[in-house]
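An overview of the molecular structure
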Amino acid sequence: MKIVYTINELLAFKKELIGTIGLVPTMGALHNGHLSLIRKAKEQNDAVIVSIFVNPAQFGPNEDFNAYPRKKEADLKICKLCDVDIVFMPDASQIYNEIEPTIQAPASLAYILEGQMRPGHFDGVLRVVLKLLNLTMPTKAYFGKKDAQQLFLIENMVKTLFLPVEIVPMNIIREDDGLAISSRNIYLSHEERNKALLISLALKNASQAIMKGERDARVLEDIMSKTLCGLDVEYTKVLSRDFYSKDVVIIGETILLIAARVGKTRLIDNLWI
Ligand code: AMP
């Protein structure tokens, strides 16, 4: 496994790779969610590149960029165990220049849900993903459904800019008790972690109502909000999978989304219906 810090090293080692390449972009603090992406990339490609980069461009001024968990040694061990070919760990000076074109997420999606709560976030995400795709030229790139809006925007960018890569969406990996795994879960105290379970419970309650025949989006949003009682809820939403507002659930075309703060920690989760 090659560990590379600079673009020059990356390009040099990439030349030695033979066959298809799978790219797994991450911000590190690797967990079972990331692992599922890396394993799938190994399964489907001749070589795998994992990038570990806490991308400053996607953090707002009052967000947790400095506090974001960084676990270089543990991450490298995990990558080694997964037989990753290249781990790319650049610093920001490798990735960003003072003068460069602006990449903007489409306005209709950039300022709703995550974009409303985190203005500029998706511009930063698309900027780094486009750069990572251009640098690694992968056959396939792997992204989690956990960040559903991000996944949709990346798929949209790839499609509309005709980027020669296949985006592979990966299911959300959860703890046994239902909590969606996230690098930010380590911020939670024991008590907060118990409270955070309400988020996956809210999704479950809404999906059970759907199974019993409920189709009204507002009723389902209400079911989720009520389950989340006691948490600082940012949104509970029922949308089509292309992020249009929906009044009625259509099975196979719908996504339930939640964002809530538990103490100081902001958590997101969703369920594809
Ligand atoms: P991050 O390091 O948080 O930027 O995540 C890197 C990639 O892993 C993104 O595509 C995420 O959507 C994905 N990911 C994060 N958590 C999970 C999870 N619990 N299950 C599946 N994918 C995940």
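Read on for an overview of the structure. Everything quoted here is computed from the prediction, not taken from an experiment.

**Re the packing of helix H9 (residues 190-211) against helix H10 (residues 217-227)**
Interaxial distance between H9 and H10 falls to 8 Å at its minimum, and their mutual angle equals 150°. Taken as a pair, H9 and H10 cross one another with a handedness that is right-handed. Counting all contacts with H9, which are made through Leu198, Leu201, Ala202, Leu203, Asn205, Ala206, Ala209 and Ile210, the residues of H10 involved are Leu220, Ile223, Met224 and Thr227. Along the lines of polarity and charge, the residues of the contact of H9 with H10 split into 10 nonpolar, 2 polar and no charged.

**Some points on the side chain of arginine 118**
Within the fold, arginine 118 resides in the loop between helix H6 (114-117) and helix H7 (121-136). The class for arginine 118 is buried, based on a relative accessible area of 10%. A polar contact is formed between the side chain of arginine 118 and the side chain of glutamate 63, at a distance of 2.5 Å. Excluding anything up to four places from it in sequence, arginine 118 contacts Gln58, Phe59, Glu63, Arg184 and Arg266.

**Points about the packing of aromatic side chains**
Under the defined criterion, the tally for this structure stands at 4 aromatic pairs. For the pair phenylalanine 59 and phenylalanine 65, a centre-to-centre distance of 5.4 Å together with 70° between the ring planes defines the contact as edge-to-face. Looking at phenylalanine 59, the relative accessible area reads 10%, which means it is buried. Between phenylalanine 152 and phenylalanine 243 the ring centres are 5.6 Å apart and the planes differ by 45°, which places this aromatic pair in the tilted class. In this pair, phenylalanine 152 is assigned in helix H8 (residues 148-160) and phenylalanine 243 in the loop between strand E7 (232-240) and strand E8 (254-262), connecting sequence segments 91 residues apart. Overall, the relative accessible area of 7% leaves phenylalanine 243 in the buried class.

**Observations concerning the sheet that holds E7**
Taken in spatial order, the 3 strands of this open sheet run E7-E8-E9, and their pairing is antiparallel. Looking along the sheet, the strands with just one partner apiece sit at the ends: E7 and strand E9 (265-272). Geometrically, the sheet is characterised by an average inter-axis angle of 10° between neighbouring strands, direction not taken into account. The sheet contact formed by E7 and E8 spans 8 bridges and is antiparallel. Across the sheet, lysine 237 pairs through a bridge with leucine 257, a residue of E8. Helix-sheet contacts for H9 involve E8 and E9, and the interaxial angle to E8 is about 160°.

**Description of the site of the ligand**
Residues in close proximity to the ligand total 17 residues, the closest being His34, Gly144, Asp147, Ile173 and Ile181. A distance of 2.8 Å separates a nitrogen atom of the ligand from a polar atom in the backbone of isoleucine 181. With the chains in place, 93% of the 490 Å² that the ligand exposes on its own is no longer accessible. Those elements that place two or more of their residues in the shell around the ligand are strand E2 (21-26), helix H2 (32-44) and strand E5 (140-144). A total of 3 residues in the shell around the ligand trace back to one element, the largest contributor, which is H2.

**Some thoughts on the sheet that holds E2**
Strands sit in the order E1-E4-E3-E2-E5-E6 across an open sheet of 6 strands; the sheet is parallel. Single-partner strands in this sheet number two, and they are strand E1 (2-4) and strand E6 (166-170). For this sheet, the mean angle separating the axes of adjacent strands, direction not counted, is 25°. Here E2 pairs with E5 via 2 bridges, running parallel.

**As for unusual backbone geometry**
Despite not being glycine, aspartate 83 has its phi angle at roughly 65°, a positive value. Mapping aspartate 83 onto the fold places it in the loop between helix H3 (72-81) and strand E4 (86-88). A residue is classified by how much of its surface remains accessible, and aspartate 83, at 51% relative accessible area, is exposed. If you check the backbone angles, phenylalanine 243 has positive phi at about 70° while not being a glycine.

**Digging into the side chain of glutamine 58**
In this structure, glutamine 58 sits in the loop between strand E3 (47-52) and H3. Those residues in contact with glutamine 58, other than ones at most four positions away along the chain, are Met27, Glu63, Arg118, His121, Gly124, Val125 and Val128.

**Description of the pattern of salt bridges**
According to the stated counting rule, one finds 16 salt bridges in the structure shown. Across the pair arginine 118 and glutamate 63 runs a salt bridge whose closest N-O atoms are separated by 2.5 Å. One end of the pair, arginine 118, is in the loop between H6 and H7; the other, glutamate 63, is in the loop between E3 and H3, with 55 residues separating them in the sequence. The closest approach of N and O atoms between arginine 193 and aspartate 177, which form a salt bridge, is 2.8 Å. Within this pair, whereas arginine 193 is found in helix H9, its partner aspartate 177 is found in the loop between E6 and H9, the two being separated by 16 residues in sequence. For aspartate 177, a relative accessible area of 38% puts it in the partly exposed group. Overlapping salt bridges, with partners in common, bring together Glu114, Glu234, Arg261 and Arg266 in one network.

Rules of the game
Residues numbered from 1 in each chain as written. Predicted model: local features only at pLDDT ≥ 70, side-chain atom pairs only at ≥ 80, totals over all residues. Heavy atoms only, no water. Axes fitted to C-alpha atoms, helices over the stretch in contact; angles between N-to-C directions. Helix = DSSP H or I, 4+ residues; strand = E, 2+ residues; numbered from the N terminus. Left-handed = near helix turned anticlockwise from the far one by under 90°. Contact = heavy atoms within 4.5 Å. Nonpolar A, V, L, I, M, F, W, Y, C, P; charged D, E, K, R; others polar. Buried < 20%, exposed > 50% of the residue type's maximum accessible area, 1.4 Å probe, protein only. Polar contact = N/O pair within 3.5 Å; in protein donor to acceptor, adjacent residues only side chain to side chain. Phe/Tyr/Trp six-rings, centres within 6.5 Å; stacked < 30°, edge-to-face > 60°. Pairing = 2+ DSSP bridges. Near = heavy atom within 4 Å. Areas by Shrake-Rupley, 256 points an atom, 1.4 Å probe, with all protein chains shown as cover. Salt bridge = Lys/Arg side-chain N within 4 Å of Asp/Glu carboxyl O.

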